[in-house]
Amino acid sequence: MAAPRSFALWGYCDRGWSQVMRGCRLPGFRSCSPRCPLGARLLSQEKRAAETHFGFETVSEEEKGGKVYQVFESVAKKYDVMNDMMSLGIHRVWKDLLLWKMRPFPGTQLLDVAGGTGDIAFRFLNYVQAQYRRKQKMQLKAQQNLSWEEIAQKYQNEEDSLGGSHVMVCDINKEMLKIGKQKASAQGYKAGLAWVLGDAEELPFDDDKFDVYTIAFGIRNVTHIDQALQEAHRVLKPGGRFLCLEFSQVNNPVVSNFQVIPVLGEVIAGDWKSYQYLVESIRRFPSQEEFKEMIEEAGFQKVTYESLTSGIVAIHSGFKL
């Protein structure tokens, strides 16, 4: 399955999340029409025909995209439940740690890639809003002469509570985006949030657009990790930060057996095959040091990583300087 050449952007209106554009050219977005070549970023036909891995299976690079798409289309509805079961809920702590490491400030423009279910986006909005509220309370305490109406108005303006912050969730899978938009509507997330269908290897955004780029448990599923890293570097502003949360090389052999995952997948979601792929993709992903080198090769500087839970996952960080 070839990577999509067009993209769709969803915004929130009174009736809920709706598609506001598809494949058109708007400020901040790159045109993906066939008449607008992407130059060196497009893969050659020869490279597309090359072989790669899908878990432990050898497939063509073009075929892998379709297979990965089918996996996440299959697991989308049970994705959050399975994450809780597979990690005993610890994935929530890992994602919280990613936000604490980011420390976003009001006005931050975040791109969350492979973030279809919205976990990172919602945490980002919560974090920025809480930070803004704290600042607002301090300012209100210093302004003793404000009327009750003036104080109430400040608290009722949802856009102001984000201080201009915005998160763009980009995912290649329509089903994952669908689940994320449903969660956003159910949990009341509206302001400062948009959804776009797009490929991590060919992002539909202009250069130097975002302050922070995050990708959580997504980059190991990309066919060309090096190209996805180069795209991350391209869309970040100078001084922007790259943050990746991903399964990594386990230091403790007691917790290195992931084979229980497809068993849970069969019991809970009735899907052994998809979760067997996830296990195999975890085992094939580069070690912490190897991935660090790949990030540096993409042009990032001050690259570091932190292993969590005996190395089950790691958070890699780098800056565009």
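Residues numbered from 1 in each chain as written. Predicted model: local features only at pLDDT ≥ 70, side-chain atom pairs only at ≥ 80, totals over all residues. Heavy atoms only, no water.

So, the overall build of the chain
Next, step 1: Tallying secondary structure elements over the chain gives 11 helices and 11 strands in all.
Next, step 2: Look at the contacts in the chain between residues 6 or more apart in sequence, and 74% of them connect residues 24 or more apart. (Helix = DSSP H or I, 4+ residues; strand = E, 2+ residues; numbered from the N terminus. Contact = heavy atoms within 4.5 Å.)

So, the packing of aromatic side chains
Next, step 1: In this structure the tally under the stated criterion is nine aromatic pairs.
Next, step 2: Each member of the aromatic cluster is reached from another via a ring pair, and the members are Trp94, Phe217 and Phe247.
Next, step 3: Across from the ring centre of phenylalanine 210, 5.6 Å away, lies the NZ or CZ of lysine 209, which sits over that ring. (Phe/Tyr/Trp six-rings, centres within 6.5 Å; stacked < 30°, edge-to-face > 60°. Lys NZ or Arg CZ within 6 Å of the ring centre and 35° of its normal.)

Some remarks on the pattern of salt bridges
Next, step 1: Taken as a whole and judged by the stated rule, the model has 10 salt bridges.
Next, step 2: Of the charged contacts in the structure, one is a salt bridge between lysine 101 and glutamate 306, with a shortest N-O distance of 3.2 Å. In this pair, lysine 101 is assigned in helix α4 (residues 90–102) and glutamate 306 in strand β10 (residues 301–308), connecting sequence segments 205 residues apart.
Next, step 3: A relative accessible area of 27% places lysine 101 in the partly exposed class.
Next, step 4: With a relative accessible area of 37%, glutamate 306 lands in the partly exposed category.
Next, step 5: A salt bridge links glutamate 231 to arginine 234; its shortest N-O distance comes to 2.8 Å. (Salt bridge = Lys/Arg side-chain N within 4 Å of Asp/Glu carboxyl O. Buried < 20%, exposed > 50% of the residue type's maximum accessible area, 1.4 Å probe, protein only.)

Some thoughts on the confidence of the model for the chain
Next, step 1: Taken over all residues, the pLDDT of the chain has a mean of 78, while the share at 70 or more is 62%.
Next, step 2: With pLDDT under 50 throughout, residues 32–48 is counted as low confidence; its partners more than four residues away or in other chains account for 25 contacts. (pLDDT = per-residue confidence, 0-100.)

Considerations on unusual backbone geometry
Next, step 1: Of note, the phi angle at alanine 114 is positive, near 60°, even though the residue is not glycine.
Next, step 2: Along the chain, alanine 114 turns up in the loop between β5 (109–113) and α5 (119–142).
Next, step 3: With a phi angle near 60°, serine 310 is a residue other than glycine that sits in the positive phi range.
Next, step 4: Turning to its location among the elements, serine 310 is positioned in the loop between β10 and β11 (313–319).

Observations concerning the packing of helix α8 (residues 225–235) against helix α11 (residues 288–297)
Next, step 1: The geometry of α8 relative to α11 is characterised by a closest axis approach of 9 Å and an angle of 50° between their N-to-C directions. Taken together, the axis directions place α8 and α11 in an arrangement best described as oblique. Handedness of the crossing formed by α8 with α11: right-handed. Between α8 and α11, the residues in contact are Ile225, Asp226 and Leu229 and Phe291, Met294 and Ile295, respectively.
Next, step 2: Classifying every residue of the contact of α8 with α11 gives five nonpolar, no polar and one charged. (Axes fitted to C-alpha atoms, helices over the stretch in contact; angles between N-to-C directions. Parallel < 35°, antiparallel > 145°, perpendicular 65-115°, else oblique. Left-handed = near helix turned anticlockwise from the far one by under 90°. Nonpolar A, V, L, I, M, F, W, Y, C, P; charged D, E, K, R; others polar.)

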